[in-house]
Each structure stands twice: as structure tokens, then as C-alpha cells.
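# Examination of the molecular architecture
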Amino acid sequence: MLTRIDHIGIACFDLDKTVEFYRATYGFEVFHSEVNEEQGVREAMLKINDTSDGGSSYLQLLEPTREDSAVGKWLAKNGEGVHHIAFGTADVDGDAEAIRSKDIRVLYDEPRIGSMGSRITFLHPKDTHGVLTELVTSAKPSADHSSAEH
Ligand code: CMX
Ligand code: CO
């Protein structure tokens, strides 16, 4: 079950300048930052709030590490802006399979590693009314306690 907006992914050309914009304009601070080579991004997670399912909601600021990455290609075509939305779930495997059975393309056979050790997968934007959609199960044990047993 999808129980929160885990994050909104925002593509930018310069992560440090964009982080500074969000800090100076809204007061949001970096909660976590990392490079994910598999996804081809340098990213900063800005925590917005905790959620009633035991998880949290973030903004995910994304700078490509290479031009041929998903974010690099998207930026070259569209410029900066909202790149994807991510829903949080206790059971990314089960939810991805349920969605796949509705003939919506799930991009990975098995979830991959995302921010902060989470497990992630994506739905093809051409099958979701134009919105690149990510599903996330947080690595944090206290998060998503509504859990896979349902
Ligand atoms: N939102 C909406 N539509 C998108 C899109 C996006 N973010 N990215 C691509 N598209 C559209 C394109 O506009 C294009 O449409 P048209 O054919 O009508 O022009 C179509 O999808 C194909 O796009 P493309 O530029 O040829 O790109 P690819 O097919 O090579 O890749 C996708 C598209 C979704 C498969 C790829 O972006 C992907 O694998 N994304 C998942 C991984 C990812 O985004 N990682 C970065 C974030 C990591 C994280 O969140 O942790
Ligand atoms: Co994301």
C-alpha cells in the first residue's frame, strides 16, 4: 500500500546552488546527501515532514553525474524542474508486482538501491499519464511499520 509522498525529485544543473536556494528561500536544510553512481546522480535530501506511517517526506534535489543518465538526458531536453514523484510503501516488491499486473511498465525486474539505503523502482511515465513515478521502501526500520504482512 502506498502510504505517503516519500519525495519529489527535482532536477538541477548545480546541486550546491540549488541547495542554497532552498535554504535561503524556505529554510530547508540538507538531511542527507550522497552520490548514486548506478542512477547517475549526486543528490541532496531535504526533509520536509514526518508522516503518519512512520516515514518522512523529502525534496530530492538531483544533479546528473553524467550526460547519458536519466536526469542528464531529461535536463538537456527540459531544463530544470520537477523530474519525478515518489510514493512510500512498506512493500515495494508487492506493490510493484501488483502495478505490473495492471500492464503498467515497471522499469526494474527487482528494486534497486536508492537514497539512504532505500529500495526503489520506477513506473514508465508513458503508462502513468506523463509522470515518472518511483516506489520507495525506506531502509529505516521504524518507517513503514504498516508493513508487508498486510
Ligand atoms: N517525466 C515524464 N516523462 C519523461 C521523463 C520524466 N522524468 N523522462 C522521460 N520522459 C519521456 C520523454 O519526454 C519521452 O517522451 P516523448 O517520446 O514523448 O518525447 C519518453 O519519456 C522517452 O524519454 P527519453 O528521453 O528517450 O528517455 P529514456 O526512454 O531513455 O528514459 C526513462 C526514460 C523513464 C526510462 C528513464 O528516465 C528512467 O529509467 N528513469 C528511472 C531512473 C531515474 O529517473 N533515475 C534518476 C532518479 C534517481 C532517484 O530518484 O533516486
Ligand atoms: Co527519487
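One can find the structure itself at the top, above this paragraph.
Below you will find a few notes about this structure. (Residues numbered from 1 in each chain as written. Chains lettered and ligands numbered in written order. Predicted model: local features only at pLDDT ≥ 70, side-chain atom pairs only at ≥ 80, totals over all residues. Heavy atoms only, no water.)

### A closer look at the pattern of salt bridges
Spelled out, the test is: Should a side-chain nitrogen of Lys or Arg be within 4 Å of a carboxyl oxygen of Asp or Glu, the pair is scored as a salt bridge. Type-normalised accessible area, obtained with a 1.4 Å probe on protein chains alone, sets the label of each residue: buried when under 20%, exposed when over 50%, and partly exposed for intermediate values.
All told, the structure shown has eleven salt bridges when counted by the stated rule. Among the salt bridges present, the one from R4 reaches D6, with a minimum N-O distance of 2.9 Å. Taking the relative accessible area as the measure of exposure, R4 reaches 7% and is therefore buried. Linking R42 and D16 is a salt bridge whose minimum nitrogen-to-oxygen distance equals 3.5 Å.

### A few points about the sheet that holds strand β6 (residues 112–113)
The test is simple: Note on pairing: DSSP must find at least two bridges between two strands before they are called paired. Only runs of H or I of at least four residues qualify as helices and only runs of E of at least two qualify as strands under DSSP, and these elements are numbered from the N terminus. In what follows, a contact means two residues having at least one pair of non-hydrogen atoms within 4.5 Å. Fitted lines through C-alpha atoms give the axes, limited to the stretch in contact for helices. The angle between two N-to-C directions lies from 0 to 180 degrees.
If you trace the eight strands from one edge of the open sheet to the other, you get β2-β3-β4-β1-β5-β8-β7-β6, paired in mixed fashion. Here the strands that pair on one side only, and so sit at the sheet edges, are β2 (30–36) and β6. Here strand β3 (residues 41–50) pairs with strand β4 (residues 56–64) via nine bridges, running antiparallel. Looking at β4, one finds that K47 is bridged to Y58. Contacting β1 (2–11), β5 (81–89), β7 (119–123) and β8 (133–137), helix α3 (residues 92–100) runs over the sheet at an angle of about 150° to β8.

### Side note on the nonpolar core
It is characteristic of soluble globular proteins that their nonpolar side chains tend to be buried jointly. This is how it is decided: Put simply, buried Ala, Val, Leu, Ile, Met, Phe, Trp, Tyr and Cys residues joined by side-chain atoms within 4.5 Å make one nonpolar core.
Grouped together as the largest cluster of nonpolar side chains are nine residues: I10, C12, L15, V19, Y22, A44, L46, L59 and L61. Within the residue set of this core, elements represented by two or more residues are α1 (15–26), β3 and β4. Per-element tally for this core: the top contributor is α1, with three residues. Not counting residues within four places of it along the chain, the set of residues in contact with L61 comprises I10, L15, T18, V19, Y22, R42, E43, A44 and L46.

### Some remarks on the site of ligand 1
Here is the rule we go by: Nearness is judged by heavy atoms alone; a residue qualifies as near a molecule or strand once a single heavy atom is within 4 Å of it. Nitrogen and oxygen atoms within 3.5 Å of one another constitute a polar contact, given that in protein one can donate a hydrogen and the other can accept it, and given that sequence-neighbouring residues count only through two side-chain atoms. All accessible-area figures derive from a Shrake-Rupley calculation using a 1.4 Å probe, and residue coverage is judged against the displayed protein chains alone. Note that Gly is not counted as nonpolar here; it falls among the polar residues with everything else outside the nonpolar set of Ala, Val, Leu, Ile, Met, Phe, Trp, Tyr, Cys and Pro and the charged set of Asp, Glu, Lys and Arg.
In the region of ligand 1, 18 residues are neighbours, and Q39, K73, K77, H83 and K126 sit closest. One of the backbone nitrogen or oxygen atoms of H83 is found 2.9 Å away from a nitrogen atom of ligand 1. Within the complex, the protein chains bury 70% of what would otherwise be the 980 Å² of accessible surface of ligand 1. Among the secondary structure elements, those contributing two or more residues to the shell around ligand 1 are α2 (70–78), β5 and β7. In terms of residues, the shell around ligand 1 owes the most to one element, α2, which gives five residues. A class-by-class count of the residues in the shell around ligand 1 yields nine nonpolar, five polar and four charged.

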